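If you want the building blocks of each chain, they are given just below.
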Amino acid sequence: MHRRAGGDDAVLLQTDDLTRSFGGIRAVDHLAMTIARGELRCLIGPNGAGKSTFFSLLTGLHKPDAGRVLFKGEDITYLPPFLRVRRGLSLKFQNVRIYRELTVRQHLLVAGTASRDVEGQNGHVGWALHSLGLDHELERLARELPHSSQQWLEICLALATGPDLLLLDEPTAGMTPEETALTAEFVIRLNAQGMTVIVVEHDMAFVRHIARRITVMHYGRVFAEGTLAEIESNQDVRRIYLGEQ
Ligand code: ADP
Ligand code: MG
């Protein structure tokens, strides 16, 4: 089924009624979300809220039980992951997934083979490597890099496929406050260059630094959505997420 989303070019991603269960657990439950082109959206929520599963449904690593995913107005709900990458979706996984015995340069070569537009991507990737301090580490083995640089390498790899929508799942996990701030600044500048980004993050310092529209997930659903000020003053959000009584 290929239905256009009303031909609305301002909308890059839209999910309707997206649902996925594992056994008795409804990890994602009738989730409706709309992401505009050029947006930088933060997705937060307690552990087990379904954030990573939502990303898996977007990228095709899992198939939904119901609902659909529209990307650039086209129904990609059942498209295999590699075809979604070709259409411009890219994911940095929650857990670092790199090849320990490959150098930074070799990683980029591998990722580049999935690219739709080798010329077009180099700007973003070259800039990203430089911004994240990896341009001087091209010949180093991934396993020799500090944890933060491994996370950053993964972001560069996600960019190497030339995405229009970048999904980042907890990109600052295990980072120091300084590294977290650098990552937030990087994401803001990447977005300023036109990249649409959805970032899942636990670290409220990161979310405050980004300070854009926030979606709060809880039990697989959208629990709240709004500005940083709206979310931080929402008593229900504070109760479920920020751990207040
Ligand atoms: P979050 O990323 O918000 O922490 P997840 O999407 O990882 O949440 O998980 C949502 C729920 O789905 C959790 O209860 C988790 O245990 C369950 N879940 C996620 N992936 C699987 C899986 N592959 N098999 C079984 N249960 C899963
Ligand atoms: Mg997760």
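To be clear, the structure that these remarks concern was listed above.
Residues numbered from 1 in each chain as written. Chains lettered and ligands numbered in written order. Predicted model: local features only at pLDDT ≥ 70, side-chain atom pairs only at ≥ 80, totals over all residues. Heavy atoms only, no water.

A.B. asks: Just checking my understanding: could you explain the overall build of the chain for this structure?
C.D. replies: Of regular secondary structure, the chain possesses 9 helices and 10 strands. Taking 245 residues into account, the globule formula puts the C-alpha radius of gyration at 18 Å, and the chain, at 18 Å, falls close to it. A total of 245 residues make up the chain; the buried ones form 51% of that total. Here the contacts in the chain between residues at least 6 apart in sequence split such that 69% fall between residues at least 24 apart. Of the roughly 11,100 Å² of accessible surface on the chain, 51% is carried by carbon and sulfur atoms. (Helix = DSSP H or I, 4+ residues; strand = E, 2+ residues; numbered from the N terminus. Rg over C-alpha atoms; globule rule 2.2 N^0.38 Å. Buried < 20%, exposed > 50% of the residue type's maximum accessible area, 1.4 Å probe, protein only. Contact = heavy atoms within 4.5 Å. Areas by Shrake-Rupley, 256 points an atom, 1.4 Å probe, with all protein chains shown as cover.)

A.B. asks: How should I be thinking about the sheet that holds strand 9 (residues 214-218) in this particular structure?
C.D. replies: Hydrogen bonds along the backbone pair up the strands of a sheet, which may run parallel or antiparallel. Strand order in the open sheet formed by 6 strands is 6-7-8-3-9-10, and the pairing between neighbours is mixed. Two strands close off the open sheet at either side, each with one partner strand: strand 6 (89-92) and strand 10 (221-226). The sheet shows a mean angle of 20° between the axes of neighbouring strands, direction not considered. Strand contacts of helix 6 (residues 177-192): strand 3 (40-44), strand 7 (165-169) and strand 8 (196-200), with the helix running at about 140° to strand 3, the strand carrying the most contacts. (Pairing = 2+ DSSP bridges. Axes fitted to C-alpha atoms, helices over the stretch in contact; angles between N-to-C directions.)

A.B. asks: Please clarify how the pairing of strand 2 (residues 25-36) should be interpreted in this entry.
C.D. replies: A regular strand places its side chains on the two faces of the sheet in alternate fashion. Sheet topology places strand 1 (residues 11-22) next to strand 2; 8 bridges connect them, and they run antiparallel. Paired with Leu13 across the bridge in strand 2 is Ile35. The turn joining strand 1 and strand 2, which pair antiparallel and follow one another in sequence, is formed by 2 residues; a positive phi near 60° is taken by Gly23.

A.B. asks: How should the site of ligand 1 be read in this particular structure?
C.D. replies: Every residue lining ligand 1 is accounted for by Phe22, Ile25, Ala27, Pro46, Asn47, Gly48, Ala49, Gly50, Lys51, Ser52 and Thr53. Between ligand 1 and the protein, one listed contact pairs an oxygen atom with a backbone N or O atom of Ser52 at 2.9 Å. Those elements that place two or more of their residues in the shell around ligand 1 are strand 2 and helix 1 (51-59). No other element matches helix 1, which puts 3 residues into the shell around ligand 1. For the shell around ligand 1, the class distribution of residues is 5 nonpolar, 5 polar and 1 charged. (Near = heavy atom within 4 Å. Polar contact = N/O pair within 3.5 Å; in protein donor to acceptor, adjacent residues only side chain to side chain. Nonpolar A, V, L, I, M, F, W, Y, C, P; charged D, E, K, R; others polar.)

A.B. asks: Got a minute to help me understand the packing of helix 3 (residues 104-112) against helix 5 (residues 147-160) in this structure?
C.D. replies: Two measures define how a pair of helices packs: the angle their axes make with one another and the distance between the axes. Where helix 3 meets helix 5, the closest approach of the two axes is 8 Å, and the angle between their N-to-C directions is 30°. Regarding the angle of helix 3 to helix 5, the classification is roughly parallel. Between helix 3 and helix 5 the crossing geometry is right-handed. Contacts between helix 3 and helix 5 involve Val104, His107, Leu108, Ala111 and Gly112 from the first element and Leu153, Cys156, Leu157 and Ala160 from the second. Partitioning the contact of helix 3 with helix 5 into residue classes produces 7 nonpolar, 2 polar and no charged. (Parallel < 35°, antiparallel > 145°, perpendicular 65-115°, else oblique. Left-handed = near helix turned anticlockwise from the far one by under 90°.)

A.B. asks: Sorry, what's going on with the sheet that holds strand 2 here?
C.D. replies: With respect to topology, 4 strands assemble into an open sheet ordered 2-1-4-5, the strand pairing being antiparallel. In the strand order of this sheet, the two ends are held by strand 2 and strand 5 (74-75), each with one partner. Contacts from helix 1 reach strand 1, strand 2 and strand 4 (66-71) within the one sheet, and its direction differs from that of strand 1 by about 115°.

A.B. asks: Looking at this structure, I do not really get the packing of aromatic side chains. What am I missing?
C.D. replies: Each pair of aromatic rings is reported with the distance of its centres and the angle of its planes. Taken as a whole and assessed by the stated rule, the structure comprises 2 aromatic pairs. Geometrically, the ring pair formed by Phe54 and Phe55 is tilted, given 6.3 Å between the ring centres and 35° between the ring planes. Exposure class is identical for Phe54 and Phe55. Each is buried. Between Trp127 and Phe186, the aromatic rings sit 5.0 Å apart at their centres with planes inclined by 15°, giving stacked as the arrangement. Pair noted here: Trp127 is in helix 4 (residues 118-131) and Phe186 is in helix 6, with a separation of 59 residues, a long-range link. Over the ring of Phe93 we find Arg97; its NZ or CZ atom is 3.7 Å from the centre of that ring. (Phe/Tyr/Trp six-rings, centres within 6.5 Å; stacked < 30°, edge-to-face > 60°. Lys NZ or Arg CZ within 6 Å of the ring centre and 35° of its normal.)

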